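What follows is the residue order along each chain.
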Amino acid sequence: MNEELKNHVLGLLAQGTRLDGRKPLEYRQPIEVKKGYIPSADGSAYVRIGDTEVIAGIKLNVDKTYPDTPNEGGIMVGAELYPLASPDFETGPPSIQAVELARVVDRGIRESHAIDVEKLCITPGEKAWFVVLDICTINEGGNLFDASSLAALAALQNCTFPGFDGKKIDYKERTGKQLPMSKAPLSVTVYKIAEHFLTDPTFEEEKVYDARLSVAVEENGMLCALQKGGDSPLAPDDIMKMVDIAVEKTQDLRKLL
Amino acid sequence: MAYTKRVDGRGMDEVRKMEAKVGVIKRADGSALFKIGNTWAYAAVYGPRNLHPRFMQDPSKGVLRCFYNMMPFSSFNDRVRPGASRRSKEISLVTEKALLPVLNLEDYPNSVVDIFIELPLTEAGSRCAGICAASLALADAGLEMKDMVSAVSVGRVDDKIVVDLDYSEEAYEGGPVADIPVAMMPNLDKITLLQMDGEVTKEMLADALSKAKKVCKDIYEVQKAALKQKYPAEFAAE
């Protein structure tokens with residue numbers, strides 16, 4: 001069945017178009033970003049790209065510092081692919097797709113050092129703030145990678161500290177103090193089907209791609225994380241082209257924040 | 001001290017602001033979003049579809065499965081750990097029992113109807129909001145139903161019977177509190193979910209149930225309006 005779908009997608013790409021009439025590198029429109037969507041979260045964002053809808057939410061937590069990084073707090077990213085969002089998702093512990101999605105988003109934030117983790121430390125060797133960011137899928141319409149990365153960054157930018165008296169967190173008390181963020185890493189995933197490159201795939205196009213490359217980019221164009229996926233290999237030339245596309249697309253998406 | 005004025009200023013019989021919409025999950029067979037105050041519930045129905053593994057199939061009737069889940073950031077308190085908890089498993093169970101009576105599962109032998117309920121935001125009354133959304137999602141999926149299911153939490157705060165308790169009332173410290181989630185088939189006048197924690201007299205319970213009945217009818221109107229918005233033609237004959 002996927003063979004027929006693939007031939008159809010390839011036939012359209014040869015004419016410079018796609019299943020829904022878009023050009024190969026065109027995103028679905030409008031793309032919606034709503035910061036502060038969830039009042040119970042310390043930071044949150046709702047993102048919609050086409051039929052795909054995700055909510056990212058942050059709960060800040062005070063915990064013991066790690067022995068090897070006594071002067072630092074930290075960040076953890078989780079992704080939930082709820083069976084509500086797609087007939088392809090199942091109940092139970094996080095699937096390998098959910099783990100990869102979470103780790104790709106996590107790496108972009110972590111490796112760019114976007115959050116000044118030393119400023120999260122409360123008492124060295126004892127207590128620090130930890131940023132727990134969860135990305136929840138409401139509608140799986142394709143391109144969860146870009147939607148999740150965009151939602152994660154928007155939620156981080158929206159995040160403020162709750163009250164803390166040295167012992168207990170009061171989530172109802174809002175200090176208005178923002179997370180110590182110095183950069184804005186954003187990831188775009190470029191897909192390759194035969195010799196064609198495309199961005200923002202629908203879930204159908206995601207069934208038939210050969211390879212993909214997720215590229216996390218800082219606002220100055222510095223690359224901060226990469227992840228190649230898919231069953232087919234990529235030539236070095238392909239990779240450079242895909243990186244160029246990703247850098248350009250992150251600049252477009254950044255305007256929405 | 002008697003409870004004379006509700007914490008958020010509502011009347012004793014007044015529910016929080018409600019909002020309902022059907023068809024919000026594109027790839028589901030039926031879906032809905034139901035909001036009541038700061039409690040939001042999405043529900044998606046998948047099925048009737050094949051049930052695997054096969055030994056779970058019932059040749060005489062279909063199987064209904066419900067999954068209730070709070071998103072990790074949905075609580076105004078600590079983060080909720082992902083994955084099923086004892087609490088969420090029990091709520092899934094009572095939700096399933098609350099919805100079963102309106103379905104004709106005999107029509108779908110060897111099949112399963114899955115209902116997934118996800119809550120992005122919760123401030124009390126989440127199981128009831130989940131049931132309201134799930135009932136709408138079943139209707140949106142086009143399953144034959146004997147009635148809708150409408151649900152609300154009623155209860156006692158100190159000396160007063162109130163409807164749709166919010167978090168500040170559940171945690172009220174000025175006197176005894178009892179929380180009574182109720183689900184009803186509003187046209188058939190039957191109760192399909194009833195739980196309670198807290199102490200009440202028999203008279204208080206009777207009063208609470210009669211108030212729940214009245215409020216469930218109001219909720220039913222909100223649910224009906226949401227369905228009417230998506231299916232105007234089906235309601236035109238009414």
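Scroll up for the structure.
Rules behind the numbers
- Residues numbered from 1 in each chain as written.
- Chains lettered and ligands numbered in written order.
- Predicted model: local features only at pLDDT ≥ 70, side-chain atom pairs only at ≥ 80, totals over all residues.
- Helix = DSSP H or I, 4+ residues; strand = E, 2+ residues; numbered from the N terminus.
- Rg over C-alpha atoms; globule rule 2.2 N^0.38 Å.
- Buried ≥ 20, exposed ≤ 12 C-beta atoms within 10 Å, placed from the backbone.
- Contact = placed C-beta atoms within 7 Å.
- Pairing = 2+ DSSP bridges.
- Axes fitted to C-alpha atoms, helices over the stretch in contact; angles between N-to-C directions.
- Nonpolar A, V, L, I, M, F, W, Y, C, P; charged D, E, K, R; others polar.
- Expected span 1.5 Å × (residues − 1).
- Arc of directions from axis to C-beta.
- Parallel < 35°, antiparallel > 145°, perpendicular 65-115°, else oblique.
- Left-handed = near helix turned anticlockwise from the far one by under 90°.

### A word on the overall build of chain A
Of regular secondary structure, chain A possesses four helices and twelve strands. Since a compact globule built from 257 residues should have a radius of gyration of about 18 Å, the 19 Å found for chain A is in line with a globular shape. For chain A, the spread of C-alpha atoms along the principal axes amounts to about 65 × 35 × 35 Å. For chain A, buried positions account for 43% of its 257 residues. Intrachain contacts of chain A at a sequence separation of at least 6 include 68% that bridge at least 24 residues.

### A look at the overall build of chain B
Counting secondary structure elements, chain B contains five helices and nine strands. Counting from the amino terminus, chain B carries its helices and strands in the arrangement β-β-β-β-α-β-α-β-β-α-β-β-α-α. Taking 238 residues into account, the globule formula puts the C-alpha radius of gyration at 18 Å, and chain B, at 18 Å, falls close to it. Counting all 238 residues of chain B, 47% fall into the buried class.

### Concerning the sheet that holds strand 1 (residues 18-22) of chain B
Residue and element names in this part refer to chain B. Strand order in this open sheet of five strands is 1-2-3-5-4, and the pairing throughout is mixed. Each having just a single partner strand, strand 1 and strand 4 (63-70) make up the two edges of the open sheet. In this sheet, adjacent strand axes meet at a mean angle of 15 degrees when their direction is disregarded. Both strand 2 (residues 30-36) and strand 3 (residues 39-50) contribute to a ladder of seven bridges, which runs antiparallel. Counted as the bridge partner of K35 is W40 from strand 3. Contacts from helix 4 (residues 202-230) reach strand 1 and strand 2 within the one sheet, and its direction differs from that of strand 1 by about 35 degrees.

### Remarks on the interface of chain B and chain A
When the parts come together, some accessible area is lost, and that loss is often what is quoted as the size of the interface. Facing the 22 residues of chain B at the interface are 30 residues of chain A. Breaking the side of chain B that touches chain A down by element, the ones donating at least two residues are strand 3 and strand 5 (111-121) of chain B. For the side of chain B that touches chain A, the leading source of residues is strand 5 of chain B, giving four residues. Considered class by class, the residues forming the side of chain B that touches chain A number 13 nonpolar, five polar and four charged.

### Points about the environment of L194 of chain B
Along the polypeptide, L194 of chain B turns up in strand 9 (residues 190-194). C-alpha of L194 of chain B to C-alpha of D114 of chain B: the two residues are 80 residues apart in sequence and 22 Å apart in space.

### Concerning helix 1 (residues 86-99) of chain B
Residues three or four positions apart in an α-helix share a direction because the helix packs 3.6 residues into each turn. Residues and elements named next belong to chain B. Taking 1.5 Å of rise per residue, the 14 residues of helix 1 would be expected to cover 20 Å, and the 20 Å separating its terminal C-alpha atoms lies within 8% of that figure. Within helix 1 the residues assigned to the buried category are I91, S92, T95, A98 and L99. Here the buried residues of helix 1 occupy an arc of 125 degrees about the axis, which is enough to place them on one side. Exposed and oriented more than 90 degrees from the buried face of helix 1 are R86, K89 and L93. Against strand 4, strand 5, helix 2 (126-140), strand 6 (150-157), strand 8 (177-185) and strand 9 lie the buried residues of helix 1.

### Quick notes on the pairing of strand 7 (residues 160-164) of chain A
All names here are of chain A. Summarising the sheet, strand 7 and strand 8 (residues 169-178) pair through four bridges and their orientation is antiparallel. Across the sheet, residue P162 finds its bridge partner in strand 8, namely R174. Between strand 7 and strand 8, which pair antiparallel in sequence order, lie four residues; one of them, G166, sits at a positive phi of approximately 100 degrees.

### Section: the environment of L5 of chain A
Residue and element names in this part refer to chain A. Mapping L5 onto the fold places it in helix 1 (residues 2-14). In the structure, L5 is positioned 129 residues away from D134 in sequence and 33 Å away in space, judged by C-alpha atoms. Leaving out residues up to four positions away in the same chain, L5 has contacts with E204, K207 and V208.

### Concerning the sheet that holds strand 12 (residues 223-229) of chain A
To summarise the sheet geometry, strands pair through backbone hydrogen bonds and adopt either a parallel or an antiparallel arrangement. Residues and elements named next belong to chain A. Spatial strand order, 10-9-11-12: four strands in an open sheet with antiparallel pairing. The open sheet terminates on both sides in strands that have one partner only, identified here as strand 10 (196-199) and strand 12. Here the average twist between neighbouring strands, direction ignored, is 20 degrees. Note: strand 9 (residues 186-193) against strand 11 (residues 211-217), seven bridges, orientation antiparallel. If you follow S187 over to strand 11, its bridge partner there is A216. Along the sheet, helix 2 (residues 96-111) makes contact with strand 9, strand 11 and strand 12, crossing strand 12 at roughly 160 degrees. Against the sheet, helix 3 (residues 144-158) makes contact with strand 9 and strand 11, and its axis sits at roughly 175 degrees relative to strand 9, the strand it touches most.

### Side note on the packing of helix 2 of chain A against helix 3 of chain A
Residues and elements named next belong to chain A. Contact geometry for helix 2 and helix 3: axes closest at 10 Å, N-to-C directions at 45 degrees. By the criterion of interaxial angle, the relationship of helix 2 to helix 3 is oblique. Viewed along their axes, helix 2 and helix 3 form a crossing whose handedness is right-handed. Together, L101, V104, V105, G108 and I109 of helix 2 and L144, F145, S148, S149 and A152 of helix 3 make up the contact between the two elements. Of the residues that constitute the contact of helix 2 with helix 3, the class distribution is seven nonpolar, three polar and no charged.

### Some words on unusual backbone geometry
Residues other than glycine predominantly adopt negative phi, and peptide bonds predominantly adopt the trans conformation. With an omega of 5 degrees, the peptide bond between G47 of chain B and P48 of chain B qualifies as cis. As for its placement among the helices and strands, P48 of chain B is situated in strand 3. Note that the residue after H52 of chain B, namely P53 of chain B, is joined by a cis bond; omega there is -5 degrees. Topologically, P53 of chain B is positioned in the loop between strand 3 and strand 4. Within the chain, N143 of chain A stands out as a residue other than glycine whose phi angle is a positive 60 degrees. The residue N143 of chain A is located in the loop between strand 6 (127-139) and helix 3 in this model. Non-glycine residue D164 of chain B carries a positive phi angle of around 55 degrees.

### Some remarks on the packing of helix 2 of chain B against helix 4 of chain B
Residues and elements named next belong to chain B. As a packed pair, helix 2 and helix 4 sit with axes 11 Å apart at the nearest point and diverge in direction by 35 degrees. As for how helix 2 packs across helix 4, the hand of that crossing is right-handed. On helix 4, the residues that touch C132, S135, L136 and A139 of helix 2 are I219, Q223, A226 and L227. Residues that form the contact of helix 2 with helix 4 fall into these classes: six nonpolar, two polar and no charged.

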